Amino acid sequence: MTLLSRTKEMTKKRGLTIEMLAKEIGIAKSGIYQWDKHEPKPSVLDKTATVLGVSTDYLLGRTNQMNSYDSSDKTTDIADDTLIMAFDGKPIPDEEREKLLDYARYIMSQKKEK
C-alpha cells in the first residue's frame, strides 16, 4: 500500500474526508493527492499521523501495526524493575512511575488478602 492509499483508508475509517484532513494538517487537498509522486515534509507526515491516530511508519508502509505501541500482549509484571511506562506515547518520569507501581502493588496485595 502506498502512503496515499493508507492515508485515504485511515481517513475513511476515522470518518473524515481528504478535504477535512487537508484543512486539519494545513495543506491543500491537492497536496495530499501528490503523495504518490512526492513524499510530504516530515512535519506534514507527522501531523497527518497524529490526526489519523497512527504511526508515521504505518502510513509509509513500513509496518502493519497502526501504532508503535500496539501489541497483542499488553500484560507485564509489575514486579519488573526495568518496566518502562508511557502514556499517550510519552514516557512517564521515574518518580511518577514508582508511584503508579506502588499503587498497583498495593491493589494486588489487597486482592490477595480477600
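Residues numbered from 1 in each chain as written. Predicted model: local features only at pLDDT ≥ 70, side-chain atom pairs only at ≥ 80, totals over all residues. Heavy atoms only, no water.

1. Structural notes on the overall build of the protein
A tally of regular secondary structure across the protein gives six helices and two strands. Walking the protein from its N terminus toward its C terminus, one meets helices and strands in the order α-α-α-α-α-β-β-α. Taken over 114 residues, the protein has a buried fraction of 24%. Here the contacts in the protein between residues at least 6 apart in sequence split such that 42% fall between residues at least 24 apart. About 8,400 Å² of surface is accessible on the protein, with carbon and sulfur atoms providing 53% of the total. (Helix = DSSP H or I, 4+ residues; strand = E, 2+ residues; numbered from the N terminus. Buried < 20%, exposed > 50% of the residue type's maximum accessible area, 1.4 Å probe, protein only. Contact = heavy atoms within 4.5 Å. Areas by Shrake-Rupley, 256 points an atom, 1.4 Å probe, with all protein chains shown as cover.)

2. Some points on the packing of aromatic side chains
Aromatic ring pairs: the centre-centre distance and the angle between the two ring planes describe each pair. Taken as a whole and assessed by the stated rule, the structure comprises one aromatic pair. The lysine or arginine in question, Arg 6, covers the ring of Tyr 58, its NZ or CZ lying 4.2 Å from the ring centre. (Phe/Tyr/Trp six-rings, centres within 6.5 Å; stacked < 30°, edge-to-face > 60°. Lys NZ or Arg CZ within 6 Å of the ring centre and 35° of its normal.)

3. Examining helix α4 (residues 42–52)
Buried residues of α4: Val 44, Leu 45, Thr 48, Ala 49 and Leu 52, and no others. Each buried residue of α4 sits inside an arc of 135 degrees when the element is viewed along its axis, so together they form one side. When the buried face of α4 is taken as reference, the exposed residues oriented beyond 90 degrees from it are Pro 42 and Thr 50. Contact partners of the buried residues in α4: α1 (3–13), α2 (18–25) and α5 (56–59). (Arc of directions from axis to C-beta.)

4. Description of the packing of α2 against α4
Where α2 contacts α4, the axes come no closer than 9 Å and their chain directions differ by 120 degrees. With respect to each other, α2 and α4 are oriented oblique. Between α2 and α4 lies a crossing whose hand is right-handed. Residues Leu 21, Glu 24 and Ile 25 of α2 form the contact with α4, whose participating residues are Val 44, Lys 47, Thr 48, Val 51 and Leu 52. Residues of the contact of α2 with α4, tallied by class, amount to five nonpolar, one polar and two charged. (Axes fitted to C-alpha atoms, helices over the stretch in contact; angles between N-to-C directions. Parallel < 35°, antiparallel > 145°, perpendicular 65-115°, else oblique. Left-handed = near helix turned anticlockwise from the far one by under 90°. Nonpolar A, V, L, I, M, F, W, Y, C, P; charged D, E, K, R; others polar.)

5. Topic: the pattern of salt bridges
Two side chains with opposite charge may pair up if their charged atoms get near one another. Within the structure shown, the criterion is met by six salt bridges. The salt bridge partner of Lys 13 is Glu 9, with a shortest N-O separation of 3.7 Å. Here Lys 13 and its partner Glu 9 are both found in helix α1, four residues apart, which amounts to about one turn of the helix. Take Glu 9: its relative accessible area is 25%, and that puts it in the partly exposed class. (Salt bridge = Lys/Arg side-chain N within 4 Å of Asp/Glu carboxyl O.)

6. Side note on the nonpolar core
Grouped together as the largest cluster of nonpolar side chains are 16 residues, with contacts concentrated most on Ile 25, Ile 32, Trp 35, Leu 52, Val 54 and Leu 59. Elements that contribute at least two residues to this core include exactly α1, α2, α4 and α5. Ignoring any residue separated from it by four or fewer positions in sequence, one finds Leu 59 in contact with Thr 2, Leu 3, Arg 6, Thr 7, Leu 45, Thr 48, Ala 49, Leu 52 and Val 54. (Core = buried A, V, L, I, M, F, W, Y, C linked by side-chain atoms within 4.5 Å.)

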